[in-house]
Amino acid sequence: MGYGFLTVYWRDMIRFFRFKTLLISSLLQPALWLAFFGIAMSSNFDRLMAGMPVPEGAYAVGYLTFMGAGIIAMTTLFTSLFSGIVILFDKNWGLMREILASPVNRNHIIVGIAMSGVTKSFIQAIIIMAFGILIGAAFFAGYTPVQIVIGVLGVLAFVAMFALGFLFLSAAIAISMESPEGLQGVMTLLTMPIFFASNALYPIDTFPEALRIISAYNPMTMLINGIRYFAIGPDFYALGQHYLFTPGEVLLSFLGLVLFSAIMFTLAWWRFRRAVVT
Amino acid sequence: MEQPGPGSDDTIIRVENLEHLYGDFRAVDGISFTVKKGEIFSFLGPNGAGKSTAINILITLLSLQKGTATIAGYDVTTDAQKVRESIGIVFQDITLDRDMTVWELLEFHGRLYDMPVKERRERIDELLILVQLEAKRNELSKRLSGGMKRRLEIARGLMTRPKVLFLDEPTIGLDPQTRMRMWEYIKNVNREGTTIFLTTHYMDEADQLSDRISIIDHGKIIISGTSDELKNTLGRDLIYLDTDNNGNAMKLLEQVPSVREITAKGNRIALMVNEDGTKVLPGIIDTLRNAGIEISTINLKKPTMDDVFVFYTGSELRDEGQAPARQIFLRGGR
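Bear in mind the structure is a predicted one, so any value in this text is a computation, not a measurement.

## Digging into the environment of B:M159
Residue and element names in this part refer to chain B.
- You can see M159 is positioned in the loop between α5 (146-158) and β7 (164-168).
- Exposure remark for M159: the relative accessible area of 0% places this residue in the buried category.
- Residues M159 and N245, 86 residues apart in the sequence, show an inter-C-alpha distance of 60 Å.

Next comes the structure, spelled out in structure tokens:
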């Protein structure tokens, strides 16, 4: 049973492209965030920041560019966390019994779902980056073609690792729960602190100490650091803050995400092994 | 009723002393049975009798707690993988993805079981003809009728040419016409050589379809045999009586030689008789009249599967919340 995960992946992709409304809205939603929240906020922030001097020769980026990285992360978070719902529906009314009673190894179910989740996040991230550039975000500004390729791959690597962690978490919760409403509640509860206790929309340096520490260890912050490093650059000013990333720090963020995903995989693996669906 | 000895080649399912507890509740309480290659075998029992638990253990969805079970020679605990490759399953509830087409659902199943492309495509074509769904090949499953969904699930269960097909309440919720057609499909599948294990709480289903039936209640097998064997245990004819003094009537009728067993059901008395009921009846009437007992109704009939079921489980349907209230007066050693 070497390719069970491909079967699960194939089926998930059929569903992803079948629901045109869902597909389009899932792609449109982040774009709308950028278009409305991004442009509205950046017109204010950029006016406020106009008085704040940026050191001579330093590279300053507008708010749209800054929060664009946050929107990629936010979209990845939502898509990954809510992907568990299909597992719950499968368990209650769908194919889960068929799959669990088949010779396919249960890890393949997790891997297949993870692959499709990552694919969806890739599609979304690429669309947000393209749309962001279209409305004026300075992603990959001044990059050579080779640097752009490296930049995009870097962003996707971070997105993948982060998405995996939350996909596994979502799968673990979904297989353990009975009702879609309950799952929805738990997910909504989770997204709030993860999203706002991060550097998605604002710098975390000015947070109160406790919140700042939580935010620094938030996988969301690690992801956003990676995206900004690859899409904007290692050294820039935004919102009056100096952002300087050394390759070592970025690698550390990536390893943090690897660790997070590994823990979440273990959790999912444990929940799936014990899952009884009759 | 006889079970083949160990090592006989035609046994495909062998279960010994199977037990399963949910907390303190004994869902399956020490059942043993065998199913022979090529037969249609039914578990007949009221809802909550333990049928689904037993089937879920056999298909490896529930882990076995106590006892042994082998399918096609593979142990469900130690060779679960082999068991899974040897069986097909139609679950009690519909387990289809509403948003996938008929073809996709079968293709998905074939892929899950690692069937080579060519084989699985050919098999899909074959099965769609068998269950008469060729015209619905590209229809989303949510647009199918209840009967079509069931047929699709049967086709799916047969994709891998399983040695045994498990059907858990295959016609639940279907209208009578569709049920009868479903039985035809199941018989066709069986004729092509697939052993069928089905659970049902419909007497007619067990009666019409099965080569052998085990009546199961409260987690125990109460009696097993062919439909005729089971009916014969109730004697040649059944006589239902209602009198103004059922208690005395029962005592008197115990003395009548051709009466095998007397049971009280509600306000009726059921007599099982070993001889032609029409010949026994006048004697019974005389006996009661002579004792001054008034008979208000008499009914004579051949035992049906319903009678067998009611006799052995004590109630027609557990759903109706009727406590199994029955008294059996046994004559002779049984």
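Still to come is the rest of the account.
## Observations regarding the domain arrangement of chain B
All names here are of chain B.
- We note that the domain assignment places domain 1 (11-230) and domain 2 (235-330) within chain B.
- Relative to domain 2, the C-alpha centre of domain 1 lies at a distance of 37 Å.
- At the junction of the two partners, domain 1 supplies 15 residues and domain 2 supplies eleven residues.
- Carbon and sulfur atoms supply 71% of the area that domain 1 and domain 2 bury against each other, a total of about 1300 Å² over both sides.
- Of all residues in domain 1, P46, N47 and M203 give up the largest surface area on contact with domain 2, accounting jointly for 40% of the area buried on that side.
- The interface formed by domain 1 and domain 2 contains zero residue pairs in polar contact (both at pLDDT 80 or more).
- Contributing elements (two or more residues each) for the side of domain 1 that touches domain 2: α7 (203-209), β9 (212-217), β10 (220-225) and α8 (227-232).
- It is β9 that contributes the most residues to the side of domain 1 that touches domain 2, three residues altogether.
- Among the residues making up the side of domain 1 that touches domain 2, the classes are represented as eight nonpolar, five polar and two charged.

## Side note on the pattern of salt bridges
Residue and element names in this part refer to chain B.
- For the structure shown, the criterion picks out 29 salt bridges over all chains.
- Residue E107 is joined to R121 by a salt bridge in which the shortest nitrogen-to-oxygen separation is 2.8 Å. Pair noted here: E107 is in helix α3 (residues 102-112) and R121 is in helix α4 (residues 117-130), with a separation of 14 residues, a long-range link.
- The class of R121 is partly exposed, set by a relative accessible area of 31%.

## Observations regarding the interface of chain B and chain A
- Listed as interface residues are 27 residues of chain B and, on the opposing side, 25 residues of chain A.
- Taken together, the two surfaces of chain B and chain A that pack against each other cover about 2600 Å², and 61% of this comes from carbon and sulfur.
- Ranking the residues of chain B by area buried against chain A places B:L61, B:F108 and B:L112 at the top, with a combined share of 27%.
- In this assembly, chain B and chain A are joined by six salt bridges.
- Across the pair A:R15 and B:D99 runs a salt bridge, and its minimum N-O distance is 3.9 Å.
- For the pair chain B and chain A, the interface holds ten residue pairs in polar contact (both at pLDDT 80 or more).
- Contributions of two or more residues to the side of chain B that touches chain A are made by α2 (80-86) and α3 of chain B.
- The dominant element in the side of chain B that touches chain A, judged by the number of residues it contributes, is α3(B), at seven residues.

Cut-offs and rules
- Along each chain, residues carry numbers from 1 onward, in the same order as the chain's sequence is written.
- Chains and ligands are labelled sequentially in the order written, the chains with letters from A and the ligands with numbers from 1.
- For this predicted model, a pLDDT threshold of at least 70 governs which residues receive local features, and a threshold of 80 or more governs which side-chain atom pairs are given and counted, while totals over whole chains, interfaces and linings are taken from all residues.
- Side-chain calculation: all heavy atoms of the structure are included, whereas hydrogens and water are not.
- Each helix is a run of H or I in the DSSP string that is no shorter than four residues. Each strand is a run of E no shorter than two, and both are numbered from the N terminus.
- The cut-offs for exposure are 20% and 50% of the maximum accessible area for each residue type, with area from a 1.4 Å probe on protein chains only; residues under the lower value are buried, those over the upper are exposed, and the others partly exposed.
- As used throughout, domain bounds are those supplied by an automatic or database domain assignment.
- Only heavy atoms enter the contact rule, under which two residues are in contact if any of them lie within 4.5 Å.
- Values labelled buried area give the accessible surface lost by two parts on being combined, using a 1.4 Å probe and summing over both.
- Under the rule applied, a polar contact is a pair of N or O atoms within 3.5 Å (in protein, one hydrogen donor and one hydrogen acceptor; residues adjacent in sequence only if both atoms are side-chain atoms).
- Gly counts as polar in this scheme, as do all residues outside two lists: the nonpolar Ala, Val, Leu, Ile, Met, Phe, Trp, Tyr, Cys and Pro, and the charged Asp, Glu, Lys and Arg.
- Whenever Lys or Arg places a side-chain nitrogen within 4 Å of a carboxyl oxygen from Asp or Glu, that contact is recorded as a salt bridge.

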